[in-house]
Amino acid sequence: MTGVCGARAAFAAPARAARVFRARRFMLGLIAATAVLAGCASGTTEAAPDTTGTTTSAAPDATGTTPQGTLLVADFGGDTVTFVDPGRDGSGEGGAPIASVEVGTAPYGLVVGEDGRAWVATAEGVAVVDTQRRTRIGTVPYETETGPVTTGEYRGGGMGIALAPDGRHVYVGVNVPGGNGTVEVIDTATREVTGVADVGRRPFDVDVSPDGREVYATNHDSFDVTAVDADTLRTRRMEVAPYGTEGGLGSWLKPHYAVVRPEDGRLLLPFEGERLAVLDPRTGEVTVERMTANTHQHGAALAPDGTLLVVGTGPIGADDEEPSLTVRTPDGKERTVPLDGPHEDVAVSADGRTAYVTGGFTRDGYWNGITVVDLDDEEDDEKNKPVRLEAGNRPLGIAIL
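Bear in mind the structure is a predicted one, so any value in this text is a computation, not a measurement.

Draft legend 1. View of the sheet that holds strand β6 (residues 117-121). Across the sheet, which stays open at both edges, the four strands sit in the order β5-β6-β7-β8 with antiparallel pairing between neighbours. If you trace the sheet from one side to the other, it starts and ends with β5 (110-112) and β8 (135-141), each paired once. Taken over all neighbouring pairs, the strand axes of this sheet differ in orientation by 20° on average, direction set aside. Pairing of strand β7 (residues 125-130) with β8 involves six bridges; the strand directions are antiparallel. Paired with A127 across the bridge in β8 is T139.

Draft legend 2. Spotlight on the side chain of S324. The topology assignment puts S324 in strand β23 (residues 324-328). What S324 contacts, discounting residues up to four positions off in sequence, is A293, T295, V310, V311, G312, T336, V337, P338 and L339.

Draft legend 3. Seen up close, the sheet that holds strand β24 (residues 334-338). Spatial ordering of the open sheet is given by β21-β22-β23-β24, a layout of four strands whose pairing is antiparallel. Two strands bound the open sheet, and with one partner strand each, they are β21 (296-302) and β24. Ignoring strand direction, the axes of neighbouring strands in this sheet form an average angle of 25°. Pairing geometry for β21 and strand β22 (residues 308-314), over five bridges, is antiparallel. Residue pairing in the sheet places Q297 in a bridge with G312 of β22.

Draft legend 4. Summary view of the packing of aromatic side chains. Going through the model one piece at a time under the given rule, you end up with four aromatic pairs. Measuring from ring centre to ring centre gives 6.1 Å for Y108 and F204, while their planes differ by 85°; the resulting arrangement is edge-to-face. Pair noted here: Y108 is in the loop between β4 (96-102) and β5 and F204 is in strand β13 (residues 203-208), with a separation of 96 residues, a long-range link. One exposure class covers both Y108 and F204, and it is buried. With centroids separated by 6.4 Å and ring planes inclined at 45°, the aromatic side chains of Y243 and F271 adopt a geometry described as tilted. Of this pair, Y243 sits in the loop between β16 (235-239) and β17 (259-260) while F271 sits in strand β18 (residues 267-271); the two residues are 28 residues apart in sequence, bridging distant segments of the chain. We classify Y243 as partly exposed; its relative accessible area is 22%. Joined through ring pairs, the aromatic side chains of F76, Y108, F204 and Y257 make up one cluster. Taking NZ or CZ as reference, R275 lies 4.0 Å from the ring centre of Y243, over its face. One Lys or Arg, R388, reaches over the ring of W367 and ends 3.7 Å from the middle of that ring.

Thresholds applied
Residues numbered from 1 in each chain as written. Predicted model: local features only at pLDDT ≥ 70, side-chain atom pairs only at ≥ 80, totals over all residues. Heavy atoms only, no water. Pairing = 2+ DSSP bridges. Helix = DSSP H or I, 4+ residues; strand = E, 2+ residues; numbered from the N terminus. Axes fitted to C-alpha atoms, helices over the stretch in contact; angles between N-to-C directions. Contact = heavy atoms within 4.5 Å. Phe/Tyr/Trp six-rings, centres within 6.5 Å; stacked < 30°, edge-to-face > 60°. Buried < 20%, exposed > 50% of the residue type's maximum accessible area, 1.4 Å probe, protein only. Lys NZ or Arg CZ within 6 Å of the ring centre and 35° of its normal.

Following this line, the structure appears as structure tokens:
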């Protein structure tokens, strides 16, 4: 991983960026008006879903909808999202991919609303997918200039993405290669960008406070989290660097993913299987708790009972341990489940009994599949080892429908 501190994230979006944003919106309005006068269809019309980006390998169930519990992964190595049958009782046994939908180049994160629409952060824009009909409804282009559309770990475009608690807005972290990123605000009703806030470098993850008042961008390359006021888009930079920032661009010891603890709104950011940074966004204060996996860590998720799940991608030093999934109870007790090769992100079932870990990984060493972990098993239980389920193309982001 590479990165550098970004002090600009400490301030509200500068006047220049605001002028550029308004100018673009004005030009887009002129273009849309001209298209209507010429008899052209608007690109944001909901009545006619874009079905040209749909590839289906299996029909929905007997009710005509995608079955509950189906997994949805973002295929970072391609241009699709893949729907995956998680197998018998969600165990991975007998599971398989069942459909793919084209969404745009190198999709990274995704989030699914209660209405069944998935919002997928790609290099080109945020794709909107009807998960029941398995079709792409459309794509919301970014207002932020990200350069040419490319692939790979450092590509420009959307990374972390989150949905407001009321479902009215989507927040996407947009990476700008070589500079600070942004968080763009999308109105879910109109599918239009309604605001842009400057954040730090490479916003790996985006989260929202339980009350919906703040949005948090976890900025990998600037060792920080940017808090964005959801109403005013004013920003505050909060450094999160339990190992310090001396390594600069070449440091591995940076924040990647975060989760927001519902009971107190604090952010939990795991580092290296050694330290859990607990950030109070009201004060910016960071406290550190001990972790035990001793492996480079990426994705994180909270189970319904508050258990923290963290994906260990493998060693970055001679004394580091191999890939694993950390299972950390609310009282701080941990166990680790070995994983076969690097993984990236994790989702947990509604009953808290099963974890689904994507094998895509942002760096080399990935595999095209999902590891299914039974969280009821102890780590020494040989009866039900993690199940490897082949699915997707370098899958990163994951959601359970």
